[in-house]
Amino acid sequence: MIEVRVRHSWPGFTLDAGFTAPRGVTALFGRSGSGKTTILRAVAGLLDAEAAEVRVGGEDLSVLPAAARGVGYVFQDGRLFPHLSVAQNIDFAARFGRAVDAGTRAQIIEMLELGPLLARHPRNLSGGEVQRVAIARALVSAPRLLCMDEPLAALDAARRAQVLPYLERMRDVVDVPMLYVSHDAGEVARLATSLVVVRDGRIAASGPVEEVLADPDAVPALGPRAAGAVLQATVVDQDGPGGLTTLQLSGAQLRLPGVAAPVGARVRLRVAAQDIILARARPEGISALNVLEGRIVRVRMGDGPGAAVSFDVGGDRFLARITALSAREMALSPGAPIWAIVKATAFDPGGIGQ
């Protein structure tokens, strides 16, 4: 269990945020300037906050100086020492008495595929390689908690796609709780187990990532483009008509292009609320391949022209964002049947992970 409470003020802005989260990857999500990085810096002891309490597994880290907290920190730009080799960068924390044993170090290097890079210097690394080395350095320091401050923000789309599988592997293999700052909803949906939404220095929503992203009440804090469903699916066919992949959800199937996973693999995918069209009757003669039958759970009318509709499809919770006018004209209400149209081409293959 991670328990955090931070309060700090600047002229015109006050951060007053507290949350708890289970072990795993807890994403701090929100717009730039909302306070995410400030929370992370206070947790690591890099900010002398007016008030801060940080507990990991019941241990109070906030009474310790930063160097004694055992918090590994990964910055946006890696911040490797340019005069040291990759191996020397990875082993830097050992100079201060904090390091995993040789066997665990070898496992970390293997997991992040850094063996061929150990003799190189940072100037000879790509951006993605720099971030992998920075992650290894943090892990080799035997952290009680790992803080990652938008580690992919400085990378282009191709480099992010290369690094994301390593982060997924780390989430599934490394038994270290993580706080992960991001403002990218796809990244959060792919990696996080828990989600804390930060808005104007306050916690607007928190809980399991699947619940928060699909919660109609969280849409104003998330932003309309971030809201949506996070689903677990199984690949059941890779050679369907048109070369599409068939994914089995709890009670329905989706056919999508470009899913790089073998038959039988479990994958995690996000269906953005803005990519769903709703119908009160089963649509006929349309080009969309994915038409899902469900039942409305909740309708939330927004303060502006939008509405958020939560609906269940065979045990999976979806969220659609439509206009309030459409919601009224369709007379949408809890318990009513609904058909959801999901375009296969709306999916980003890079947003589907393990």
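Before going into details, it helps to say that this report is about the structure given with it. (Residues numbered from 1 in each chain as written. Predicted model: local features only at pLDDT ≥ 70, side-chain atom pairs only at ≥ 80, totals over all residues. Heavy atoms only, no water.)

Quick notes on the overall build of the protein
Argument step 1. A tally of regular secondary structure across the protein gives 9 helices and 19 strands.
Argument step 2. In terms of overall dimensions, the protein is globule-like: its C-alpha atoms have a radius of gyration of 22 Å, near the 20 Å expected for 354 residues.
Argument step 3. Its C-alpha atoms give the protein principal-axis dimensions of roughly 65 × 50 × 30 Å.
Argument step 4. Sorting the 354 residues of the protein into buried and exposed places 50% on the buried side.
Argument step 5. Excluding contacts between residues fewer than 6 apart, the proportion of contacts in the protein whose partners are at least 24 apart in sequence is 68%.
Argument step 6. About 15600 Å² of surface is accessible on the protein, with carbon and sulfur atoms providing 50% of the total. (Helix = DSSP H or I, 4+ residues; strand = E, 2+ residues; numbered from the N terminus. Rg over C-alpha atoms; globule rule 2.2 N^0.38 Å. Buried < 20%, exposed > 50% of the residue type's maximum accessible area, 1.4 Å probe, protein only. Contact = heavy atoms within 4.5 Å. Areas by Shrake-Rupley, 256 points an atom, 1.4 Å probe, with all protein chains shown as cover.)

Let's talk about the layout of surface pockets
Argument step 1. By volume, the largest pocket is sized at about 670 Å³.
Argument step 2. Taken together, 19 residues make up the lining of the largest pocket; nearest its centre are Val71, Tyr73, Phe92, Ala93 and Ser141.
Argument step 3. Elements that contribute at least two residues to the lining of the largest pocket include exactly strand 6 (71-74) and helix 4 (127-140).
Argument step 4. Among the residues making up the lining of the largest pocket, the classes are represented as 13 nonpolar, 3 polar and 3 charged. (1 Å grid on protein atoms, 1.4 Å probe; cavity = no way out; pocket = protein on both sides within 12 Å on 5 of 7 lines; lining within 4 Å. Points joined across faces, edges and corners; volume = space filled by probe spheres on them. Nonpolar A, V, L, I, M, F, W, Y, C, P; charged D, E, K, R; others polar.)

Here's the deal with helix 1 (residues 36-44)
Argument step 1. Counting buried positions over the 9 residues of helix 1 gives 7, a clear majority of the element.
Argument step 2. Of all the residues in helix 1, the buried ones are Lys36, Thr38, Ile39, Leu40, Ala42, Val43 and Ala44.
Argument step 3. Positive backbone phi, at 85 degrees, marks glycine 45, one or two positions downstream of helix 1.

Here's the deal with the side chain of serine 182
Argument step 1. Among the secondary structure elements, serine 182 is positioned in strand 8 (residues 178-182).
Argument step 2. In terms of polar contacts, serine 182 uses its side chain to reach the backbone amide nitrogen of aspartate 184, at 2.9 Å.
Argument step 3. Ignoring any residue separated from it by four or fewer positions in sequence, one finds serine 182 in contact with Leu28, Phe29, Gly30, Lys36, Glu150, Glu187 and Val188. (Polar contact = N/O pair within 3.5 Å; in protein donor to acceptor, adjacent residues only side chain to side chain.)

Concerning the nonpolar core
Argument step 1. The biggest cluster of nonpolar side chains holds 35 residues, and the ones touching the most others in it are Leu256, Leu269, Val271, Ile276, Leu278, Phe311 and Phe318.
Argument step 2. Among all residues touching leucine 256, those that are not within four sequence positions of it are Leu244, Thr245, Leu247, Leu269, Asn290, Ala344, Phe347 and Ile352.
Argument step 3. Core analysis: the second largest hydrophobic core is formed by 34 residues, Ile108, Met111, Val163 and Leu164 among them. (Core = buried A, V, L, I, M, F, W, Y, C linked by side-chain atoms within 4.5 Å.)

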